[in-house]
Each structure stands twice: as structure tokens, then as C-alpha cells.
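# Breakdown of the fold
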Amino acid sequence: MSLAIVIMAAGKGTRMKSDLPKVLHKANGKPLVAYVIEKSQALDPDKIVLIIGHQAELVRTATATFPVDYALQEPQLGTGHAVMQAEPFLKDFEGEIVILSGDAPLFTGRTLRKLIDFHRSRQAVATVLTAEMDNPTGYGRIIRSDAGEEVLKIVEQKDATEEEKAVTEINSGVYVFNATELFSALHGITNKNAQGEYYLTDVFGICFGKGKKVCAFKVADANEIRGINTPEQLREAEQLLQGDEYL
């Protein structure tokens with residue numbers, strides 16, 4: 001089946017204490033987003049779309065040697081809004097879309113292939129990569145069905161009830177979607193939430209509500225789903241990337 005990849009790279013990265021776009025901060029001399037693009041290329045996708053926004057031209061220049069299409073998100077109104085900007089590049093695409101974060105360079109090709117295989121074997125329209133965390137504060141929570149495999153919804157920390165905050169399975173920000181179902185559901189999301197943003201994660205609840213199969217695949221090593229939000233996290237990721245395990 002055809003495969004496309006959308007990489008989110010529009011954010012500011014305020015907590016990095018720098019005006020440089022977060023995805024251009026370097027680990028071992030290489031921009032974070034370069035790791036993500038290279039790992040995407042290893043999946044041999046039909047198309048890679050990079051969502052750019054903050055200092056878009058800097059990101060475009062830094063990634064100019066890669067075979068990617070650029071979708072501009074301006075203004076930045078949330079993750080769902082970001083993926084909507086990729087739709088013109090994928091409007092005739094009928095395969096699967098993998099969505100990645102340009103500031104999360106530690107996932108492995110092995111895990112992505114397992115995620116895609118799981119998604120296909122379950123005949124799901126949407127699958128999220130998840131991990132268990134002892135301290136899930138700040139992450140979106142995975143709310144599963146009683147049966148366990150399917151996902152009822154993904155709840156952001158600021159919108160979660162106390163019961164939902166107690167859930168320790170978290171959203172990695174890595175997803176596989178059926179392209180047609182993704183864009184159909186995106187047209188149905190709203191910004192009625194604590195952030196006033198359009199959440200990509202709302203697609204799961206919409207698809208589940210339509211009787212579609214939506215699943216979660218749990219990664220064994222939670223390090224793989226680490227995002228980079230602070231200089232300290234960048235240093236930790238840099239150390240991990242010095243070995244072969246996360247390359």
C-alpha cells in the first residue's frame with residue numbers, strides 16, 4: 001500500500017530559550033529534523049511533507065537537500081490545523097499517512113515498521129504509538145475501550161479529568177492514518193478546548209464515534225518517543241543518539 005509521511009516542524013520551541021526553530025537545534029552536529037527525515041526516507045515513502053511555520057525560510061534552507069514538499073502553517077492553530085495544511089499535497093493520495101514530530105529524533109525504523117504492520121493487521125483507520133510512563137504529567141492520555149485494544153479518545157493534559165490524569169499510557173505524537181479517513185475527520189474537529197486549538201488527536205474520537213477501528217500500539221522503550229522541549233532534554237537525546245540503538 002502507498003505510504004506518505006507528514007512531519008510537524010512549525011513550532012517555536014519557546015522552552016529551548018532560543019529564537020532558533022526547535023527542529024533546527026542540533027544533536028551531535030545534525031539538526032533534529034534531519035534525523036526524522038532520514039528515518040522517514042528509510043521507509044521508502046511515496047511522499048514526505050514537512051509542515052513549516054516559525055522561521056519557515058530557515059527550516060526550508062536547512063532541509064533543502066532532502067526530497068520533501070513544504071506546507072506552510074501560518075498562523076499556528078494546533079496540530080490538527082497543521083496537518084490540514086498538508087491536504088493539498090495529498091488530496092489524491094489513497095494510502096496510509098504516518099505523522100511524526102520533527103523534534104522527536106529517537107524513534108527507530110524497527111518501531112515504525114512494527115507500528116505500520118500492526119495498523120494494517122488490525123485494519124484500523126487510525127493507530128497511535130504509545131508508551132507507559134511512571135510520571136505522565138504533560139502528555140496526552142490514551143483512553144482505551146473496555147476490551148483494551150481500541151482507543152476511545154486521546155485527552156490532552158489540560159482537558160483531562162482527574163480520573164483520566166491517572167492513566168499512565170501516553171500519546172507519543174506518532175500516528176498512522178488511512179488518508180481518506182484522516183482528512184474527512186479533520187474537517188470535523190473544533191477548537192473548543194482549554195488551549196483553543198485544533199487537536200489532531202480529536203480525529204481518534206471522531207473515527208471511533210463513526211464505528212471505525214482506532215487502535216494503539218505500545219512501544220517497549222519509552223525513550224524512543226521522547227520529544228525535545230528543553231536544553232536539558234536535548235543533551236539527553238544527544239547522548240542516546242551517540243550509540244547505534246536509536247539510529
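Remember, predicted model here, so these are calculated numbers, not experimental data.

Next up on the list: the pattern of salt bridges. Evaluated as defined, the whole model comprises 12 salt bridges. Here Lys-30 ties to Glu-38 by a salt bridge, and the two come within 2.8 Å at their closest N and O atoms. For Glu-38, a relative accessible area of 33% translates into the label partly exposed. Residues Arg-120 and Glu-96 are paired through a salt bridge, measuring 2.8 Å at the closest nitrogen-oxygen approach.

Such a bond, covalent and formed between the sulfur atoms of two cysteines, is termed a disulfide. This model, assessed by the stated rule, comprises zero disulfides. Unpaired in terms of disulfides, Cys-207 finds its nearest cysteine sulfur in Cys-215, a separation of 11 Å. When its relative accessible area of 0% is taken as the criterion, Cys-215 is described as buried.

For strand β10 (residues 169-178), the buried fraction is high: nine of the 10 residues fall into the buried class. In terms of strand pairing, strand β6 (residues 96-101) meets β10 through four bridges, oriented antiparallel. Counterpart to Glu-96 in the pairing with β10 is Asn-178. Relative to β10, strand β7 (residues 126-132) is paired through six bridges, and the arrangement is antiparallel. Within β10, the position partnered with Thr-130 by the bridge is Asn-171.

Let us look at the environment of Met-16. Along the chain, Met-16 turns up in the loop between β1 (3-9) and β2 (26-27). Given a relative accessible area of 4%, Met-16 falls into the buried group. Met-16 sits 217 residues away from Gln-233 along the chain, and the two C-alpha atoms are 9.4 Å apart. Discounting residues that sit within four places of it in the chain, Met-16 has contacts with Lys-22, His-25, Ile-228, Asn-229, Thr-230, Pro-231 and Leu-234.

Turning to helix α8 (residues 202-209), a few remarks are in order. For α8, the set of buried residues is Val-203, Phe-204 and Cys-207. Axial view of α8: buried residues confined to an arc of 100°, hence all on one face. Lining the buried residues of α8 we find β7, β9 (151-155), β10, α7 (179-186) and β11 (214-218). Where α8 ends, the next residue or the one after it, Gly-211, has phi of about 85°, a positive value.

For the rest of this paragraph, the subject is helix α5 (residues 109-121). When the terminal C-alpha atoms of α5 are compared, their 18 Å separation across 13 residues agrees well with the 18 Å that a helix rising 1.5 Å per residue should span. Buried residues of α5: Gly-109, Thr-111, Leu-112, Leu-115, Ile-116, Phe-118 and His-119, and no others. Looking at the buried positions of α5, the neighbouring elements they touch are β1, β6, β7, β10 and β11. Phi for Gln-123, located one or two positions after α5, is positive at around 55°.

Taken as a whole, the largest pocket encloses approximately 1,600 Å³ of empty space. Lining of the largest pocket is provided by 48 residues; of these, Arg-15, Lys-22, Thr-79, Asp-103 and Asn-229 occupy positions nearest its centre. Looking at the lining of the largest pocket, the element that brings in the most residues is β10, giving four residues. Looking at the lining of the largest pocket residue by residue, the classes come out as 17 nonpolar, 22 polar and nine charged.

Residue Pro-75 is reached from Glu-74 by a cis peptide bond, and omega for that bond is 0°. Assignment of secondary structure puts Pro-75 in the loop between β5 (69-72) and α3 (79-84). One non-glycine residue, Asp-44, lies in positive phi territory at about 55°. Positionally, Asp-44 belongs in the loop between α1 (32-41) and β4 (47-52). What makes Asp-44 exposed here is its relative accessible area of 65%. Positioned with a positive phi, Gln-123 is a non-glycine residue whose angle comes to about 55°. Of note, Gln-123 is situated in the loop between α5 and β7.

Definitions and cut-offs
Residues numbered from 1 in each chain as written. Predicted model: local features only at pLDDT ≥ 70, side-chain atom pairs only at ≥ 80, totals over all residues. Heavy atoms only, no water. Salt bridge = Lys/Arg side-chain N within 4 Å of Asp/Glu carboxyl O. Buried < 20%, exposed > 50% of the residue type's maximum accessible area, 1.4 Å probe, protein only. Disulfide = S-S within 2.5 Å. Helix = DSSP H or I, 4+ residues; strand = E, 2+ residues; numbered from the N terminus. Pairing = 2+ DSSP bridges. Contact = heavy atoms within 4.5 Å. Arc of directions from axis to C-beta. Expected span 1.5 Å × (residues − 1). 1 Å grid on protein atoms, 1.4 Å probe; cavity = no way out; pocket = protein on both sides within 12 Å on 5 of 7 lines; lining within 4 Å. Points joined across faces, edges and corners; volume = space filled by probe spheres on them. Nonpolar A, V, L, I, M, F, W, Y, C, P; charged D, E, K, R; others polar.

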